[in-house]
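Structural overview for review
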Amino acid sequence: MKTIPVFKPLIESEEIAAAVESLELGWLGMGSYVKQFEEAVAAVCQLEPDDDRHVVAVSTGHAALHLSLLMMGVGPGDEVITPSFNNAADFQAIKACGAEPVFVDIKEKTLCIDHSKIKELITERTKCIIAMDYDIFICDHDAIKNIAEQNRIPVLHDAAHSFGSTCNGQPVGNQHEYTMFSFDPVKTITCIDGGAIIVKGEDAVKRLHAKRLIGMTQPAAQMYTNSRAWTYDMEELGFRYHMANLHAAIGVSQIAKIKEIRETRQRVCKKYHNELSKLDWIDAPKGDFDSVNPFLYYIRVLNGRRSELREHMKKQGVDTGIHWQAGHSFTLLKDCRRGTLEVTERIVDQIVSLPLHSKMGEDDVERVIQSIVNFDAKP
């Protein structure tokens, strides 16, 4: 019996052809495909020229986080407020700036940052707030923005889960001055690996172009023609964070399918909710499925038997995941400042990620559901 994995990238003839074409071009670094990819991301986010928002493609989601925080001025001695219920990449990006995360709790229904708990954690050291959308839910960005503006603190929108989704009718990417995306192997849209930053202002774009290319002031416009300048300056610290043509070419072919990717994932999430919400020992979340491009679908196991359920599903040929462990549980971060984390503490022992793939077959969806339904949930 073939195991159904948690994640499965959608690699079809179009992605293979794009990879071959980019390799045959012979320009393996940052080039013309990167420009095409940035334009495709901008189109999905419906960025308006008069709003002066721009896309800068980078090598990974972590690179996007790190560069965004640096651009916001985060450095040694600073603090960044983030949910403890978050990806390790966010915590590592904060630490890479020399700053410290400050952990805030999440909302019971959405598992997104609880904006009502932010203000009590703000001090003179607070340099940034990270607002991360989780799975099928989008943060209350209006409320977060109001808090940030009142305290003159910038917001970094972690939209690693929500590329191609909407927030209050507006595409994700238009909510804050900085937004980051991730296009790693398991995301809805993959570049093999990759990330992107949406930033406001030409000056910020120019700085990011240098920072992603080890600090070199090499004109992006020239590199986008698959050529380079042989003389340049270095004005500030930079990193090897640029995106390669091969990765960008695959990303372009993926974005061309985003409508189909979104619709197939929405259909699976709706099916999971409709069937699993019938079980009284499971919380199967229901969001506004039609407004999101779902990255995950999770359930909460309420009877204290998560490990047993996962083992049972494994024997049925269904893989599962856990997204995530709490940040304050890691050795590296155990001494970080935090608020009360009651919801986080409860969630991390209940949550299970189910398989969710683009164009996922009906038979696989039914197998996942039945592997849960036929579990003996009684203690």
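Everything discussed here concerns the structure shown above.
Predicted, not measured: the structure shown is a model, and the values here were computed from it.

1. Notes on the pattern of salt bridges
Applying the stated criterion across every chain yields a total of 25 salt bridges. With its nearest N and O atoms 3.1 Å apart, the salt bridge here joins Glu14 to Lys257. With Glu14 in helix H1 (residues 13-25) and Lys257 in the loop between helix H8 (245-255) and helix H9 (258-276), the pair connects residues that are 243 residues apart, well separated along the chain. Assessed through its relative accessible area of 41%, Glu14 is described here as partly exposed. Across the salt bridge formed by Arg305 and Glu308, the nearest N and O atoms sit 2.8 Å from each other. Note on Arg305: relative accessible area 13%, which makes it buried. Judged by its relative accessible area of 41%, Glu308 is partly exposed. What you see here is one network of salt bridges that share partners, running through Glu12, Glu14, Glu15, Lys257, Glu260 and Lys359.

2. Some points on the pairing of strand S5 (residues 155-158)
On S5, burial covers both faces: Val155 and His157 on one face and Leu156 and Asp158 on the other are all buried. Bridge count for strand S4 (residues 126-132) against S5 is four bridges, and the pairing is parallel. In the sheet register, Ile130 faces S5, and the bridge partner there is Leu156. Considered for its hand, the β-α-β crossover made up of S4, helix H5 (residues 141-150) and S5 is right-handed.

3. Observations concerning the sheet that holds strand S12 (residues 351-354)
The strands making up a sheet are joined through hydrogen bonds of the backbone, oriented either antiparallel or parallel. Ordered by their spatial adjacency, three strands build an open sheet running S10-S11-S12, and the pairing between neighbours is antiparallel. In the strand order of this sheet, the two ends are held by strand S10 (282-283) and S12, each with one partner. Where strand S11 (residues 297-301) meets S12, four bridges bridge the pair, whose relative direction is antiparallel. Following the sheet pairing, Tyr297 is matched in S12 by Leu354.

4. Focus on a nonpolar patch on the surface
A cluster of nonpolar side chains, Ile11, Ile16 and Val20, forms an exposed patch at the surface whose accessible area comes to about 260 Å². By the secondary structure assignment, Ile11 is in the segment before H1.

5. A short note on the nonpolar core
If you look at the biggest cluster of nonpolar residues, it comprises 94 residues, and the most contacted ones within it are Tyr134, Phe163, Phe181, Tyr272, Tyr297, Ile299 and Leu354. If near-sequence neighbours (up to four positions away) are discounted, Phe163 is found in contact with Val41, Val44, Cys45, Phe181, Phe183, Thr188, Ile189, Ile255, Ile258 and Asn293. Ala63, Cys128, Ile197 and Val205 belong to the second largest nonpolar core, which has 29 residues in total.

6. Section: the pairing of strand S3 (residues 100-104)
Regular strands show a simple pattern: their side chains alternate between the two faces of the sheet. Summarising burial for S3: four of the five residues are buried, a large majority. Pairing of strand S2 (residues 79-83) with S3, which is carried by five bridges, proceeds in the parallel orientation. In the strand pairing of S3, Ile81 is matched with Val102. Viewed along the sheet, the connection from S2 through helix H4 (residues 88-96) into S3 turns out right-handed.

7. Overview of the environment of Arg262
Relative to the helices and strands, Arg262 resides in helix H9. Remark: the alpha-carbon pair of Arg262 and Ile189, spanning 73 residues in sequence, is separated by 9.8 Å. Look past the residues within four positions of Arg262 in its chain and what remains in contact with it is Gly164, Val292, Asn293 and Pro294. From its side chain, Arg262 meets the backbone oxygen of Gly164 in a polar contact 3.0 Å long.

8. Quick notes on unusual backbone geometry
The omega torsion of the bond from His323 to Trp324 falls at 10 degrees, within 30 degrees of zero and hence cis. Within the secondary structure, Trp324 is located in the loop between helix H10 (306-315) and helix H11 (342-347). Phi angles above zero are rare outside glycine, and Asp135 is one such case at about 55 degrees. In this structure, Asn168 takes a positive phi of about 55 degrees despite not being glycine.

9. A short note on the environment of Cys269
The residue Cys269 is located in helix H9 in this model. Between the C-alpha atom of Cys269 and that of Leu354, which follows or precedes it by 85 residues, the distance is 9.8 Å. Contact partners of Cys269, with chain neighbours within four places excluded, come to Ile136, Phe289, Pro294, Leu296, Tyr297 and Leu356.

What counts as what
Residues numbered from 1 in each chain as written. Predicted model: local features only at pLDDT ≥ 70, side-chain atom pairs only at ≥ 80, totals over all residues. Heavy atoms only, no water. Salt bridge = Lys/Arg side-chain N within 4 Å of Asp/Glu carboxyl O. Helix = DSSP H or I, 4+ residues; strand = E, 2+ residues; numbered from the N terminus. Buried < 20%, exposed > 50% of the residue type's maximum accessible area, 1.4 Å probe, protein only. Pairing = 2+ DSSP bridges. Right-handed = clockwise from strand over helix to strand, strands pointing away. Patch = residues over 30% accessible without salt bridge, like charges linked within 9 Å, V, L, I, M, F, W, Y side chains within 5 Å. Areas by Shrake-Rupley, 256 points an atom, 1.4 Å probe, with all protein chains shown as cover. Core = buried A, V, L, I, M, F, W, Y, C linked by side-chain atoms within 4.5 Å. Contact = heavy atoms within 4.5 Å. Polar contact = N/O pair within 3.5 Å; in protein donor to acceptor, adjacent residues only side chain to side chain.

Worth remembering: the numbers are spatial, not functional.
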